[in-house]
Amino acid sequence: MLVTNENKREYLNALAQYRLATRVRTQVDAFLKGLNDVVPDELLSIFDENELEVTIILIYISFSYFLAYILLMANLFCSY
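Residues numbered from 1 in each chain as written. Predicted model: local features only at pLDDT ≥ 70, side-chain atom pairs only at ≥ 80, totals over all residues. Heavy atoms only, no water.

Asker: Help me understand the overall build of the protein, please; the structure alone is not making it clear to me.
Answerer: Regarding its fold elements, the protein presents four helices and zero strands. Taken from N to C terminus, the helices and strands of the protein fall in the order α-α-α-α. Whereas a compact globule of 80 residues would reach a radius of gyration of roughly 12 Å, the protein reaches 21 Å, over 25% beyond that. Dimensions of the protein, computed from C-alpha atoms along their principal axes, come out at roughly 70 × 35 × 20 Å. (Helix = DSSP H or I, 4+ residues; strand = E, 2+ residues; numbered from the N terminus. Rg over C-alpha atoms; globule rule 2.2 N^0.38 Å.)

As structure tokens, this is what we get:
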């Protein structure tokens, strides 16, 4: 596509669509399939995108602290 002043918005829209959707479609589909294997779609649909983001972040933080605690306990246990 030859970009001119007249079609630069169209070009930028097409570029954004490609980079944000088309290029990562396979990865997004795989993520959604894995997520739906763990959490049914009916349960996910009760959250809006902001609530889902906060929930995932909280789960990640909780898991990180849990993992750090397990590693700390394993280290303490092995040192005795």
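Asker: Looking at this model, I keep getting lost on a nonpolar patch on the surface. Mind explaining?
Answerer: On the surface, Phe 63, Phe 66, Leu 67, Tyr 69, Ile 70, Leu 71, Leu 72, Met 73 and Leu 76 cluster together into a nonpolar patch covering about 870 Å² of accessible area. Mapped onto the fold, Leu 67 is located in helix 4 (residues 49–78). Look at Leu 67 and you get partly exposed, because its relative accessible area is 40%. (Patch = residues over 30% accessible without salt bridge, like charges linked within 9 Å, V, L, I, M, F, W, Y side chains within 5 Å. Areas by Shrake-Rupley, 256 points an atom, 1.4 Å probe, with all protein chains shown as cover. Salt bridge = Lys/Arg side-chain N within 4 Å of Asp/Glu carboxyl O. Buried < 20%, exposed > 50% of the residue type's maximum accessible area, 1.4 Å probe, protein only.)

Asker: Hey, could you run me through the pattern of salt bridges in this one?
Answerer: Opposite charge on two side chains allows them to pair when their charged atoms are near. Per the counting criterion, the structure on display carries two salt bridges. As a salt-bridge pair, Arg 25 and Asp 29 come within 3.1 Å of each other at their nearest N and O atoms. Of this pair, Arg 25 and Asp 29 both sit in helix 2 (residues 25–38), separated by four residues, roughly a single helical turn. Take Asp 29: its relative accessible area is 39%, and that puts it in the partly exposed class. Residues Lys 33 and Asp 37 are paired through a salt bridge, measuring 3.2 Å at the closest nitrogen-oxygen approach. Within this pair, Lys 33 and its partner Asp 37 are both found in helix 2, separated by four residues, close to a single helical turn.

Asker: What should I look at first to understand a negative patch on the surface in this one?
Answerer: A surface patch of negative charge is lined by Asp 48, Glu 49, Glu 51 and Glu 53. Note on placement: Glu 51 falls in helix 4. (Lys, Arg positive; Asp, Glu negative; His and termini not counted. Charge placed at Lys NZ, Arg CZ, Asp CG, Glu CD.)

Asker: Would you mind showing me how to read the side chain of Asn 7 here?
Answerer: With respect to the helices, strands and loops of the structure, Asn 7 is situated in the segment before helix 1 (8–22). Within polar-contact distance, the side chain of Asn 7 engages the backbone oxygen of Leu 2 at 2.9 Å. For Asn 7, the contacting residues outside a window of four places in its chain are Met 1 and Leu 2. (Polar contact = N/O pair within 3.5 Å; in protein donor to acceptor, adjacent residues only side chain to side chain. Contact = heavy atoms within 4.5 Å.)

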